[in-house]
Amino acid sequence: MLSAFSGIVSATPAEQAELDQLNKIEQELELQRDWAKYRWNKALTDCYQNYWVNNCLSNARTQYRKEIDPITEQERALHEVQRGLRKSLKDQEDVKRAAERASPEKAAERAKNQSDFEEKQKAAAARAADLEQRRKDAPKRAQENKAGTQLD
C-alpha cells in the first residue's frame with residue numbers, strides 16, 4: 001500500500017480528483033483505526049474480568065499495536081502525498097491569482113475603484129465641512145428667524 005502513495009505528482013488539473021480519492025482512503029483508514037480502537041477497548045474490558053489482568057492487558061496491547069502500526073504507516077504516507085498535492089494546488093491558485101492581478105482589466109478596475117474611493121472621500125469631506133459651517137451659522141440663523149417672526 002505504501003508504494004501507491006510514494007510519488008508526489010506535479011501540478012495537473014486532475015490533482016483535485018486525486019486529492020478527493022486520497023481523502024476517501026483517509027476516511028477508510030480512520031474507520032479501520034476506530035474499529036481497532038473499539039476492539040482494544042473491548043479487550044481491556046474483557047481483561048479486567050480475568051484473574052491474570054496484566055498478562056491479558058499485555059496481549060491485548062500487542063494485538064492492538066499489530067493492528068494499528070500498519071494503519072499509522074499508511075496514514076503517514078498518505079498525509080505526505082496529500083500535503084504535496086495541497087501545496088501544488090495552492091501554488092497553482094497563487095499563480096492564477098497573480099496572473100489575474102497583473103491583467104490590464106484588473107488594473108483598470110483597481111484604478112476605477114481608487115478614483116471612486118477618492119471621490120467618495122471628497123464628497124464626505126465636503127458634507128462634513130458643510131455641516132460644520134451650518135453649525136457655526138446656527139446661532140446667526142436662529143437670531144434671523146427670531147427677528148423675522150416678530151410682529152412690528
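Residues numbered from 1 in each chain as written. Predicted model: local features only at pLDDT ≥ 70, side-chain atom pairs only at ≥ 80, totals over all residues. Heavy atoms only, no water.

Quick notes on the overall build of the protein chain
Where we set the bar: Each helix is a run of H or I in the DSSP string that is no shorter than four residues. Each strand is a run of E no shorter than two, and both are numbered from the N terminus. Accessibility here uses a 1.4 Å probe with only protein chains present; expressed as a share of the type maximum, an area under 20% marks a residue as buried, one over 50% as exposed, and anything in between as partly exposed. Note on contacts: a residue pair is in contact if any heavy atoms of the two residues lie within 4.5 Å.
Each helix and strand counted, the protein chain has four helices and zero strands in total. Starting at the N terminus and walking to the C terminus, you meet the elements of the protein chain as α-α-α-α. Split into buried and exposed, the 152 residues of the protein chain put 20% on the buried side. Considering only intrachain contacts with a sequence separation of at least 6, the fraction spanning at least 24 residues in the protein chain is 74%.

Observations regarding the state of the cysteines
Our working rule: Two cysteine sulfurs form what is called a disulfide whenever their separation falls within 2.5 Å.
Applying the stated criterion to the full structure yields one disulfide. Across the disulfide, cysteine 47 is cross-linked to cysteine 56 (sulfur-sulfur distance 2.0 Å). When the S-S torsion is -75°, as for the bridge of cysteine 47 with cysteine 56, the disulfide is left-handed. Each member of the pair, cysteine 47 together with cysteine 56, is buried.

Quick notes on the packing of helix H2 (residues 15-47) against helix H3 (residues 53-102)
Filter applied, for reference: All axes here are fitted lines through C-alpha atoms, helices being fitted over the stretch that makes contact, and every angle between N-to-C directions spans 0 to 180 degrees. When an angle is under 35 degrees it counts as roughly parallel; over 145 it counts as roughly antiparallel; between 65 and 115 it counts as roughly perpendicular; any other value is oblique. Put simply, a crossing is left-handed when the front helix is turned counterclockwise from the back one by less than a right angle, and right-handed when it is turned clockwise. When residues are sorted by character, Ala, Val, Leu, Ile, Met, Phe, Trp, Tyr, Cys and Pro go into the nonpolar class, Asp, Glu, Lys and Arg into the charged class, and all the rest, Gly among them, into the polar class.
Between H2 and H3, the least distance of the axes is 9 Å, while the angle of their chain directions is 165°. Taken together, H2 and H3 sit at an angle that is classed as roughly antiparallel. In terms of crossing hand, the pair formed by H2 and H3 is left-handed. In terms of residue class, the contact of H2 with H3 is made up of 20 nonpolar, nine polar and eleven charged.

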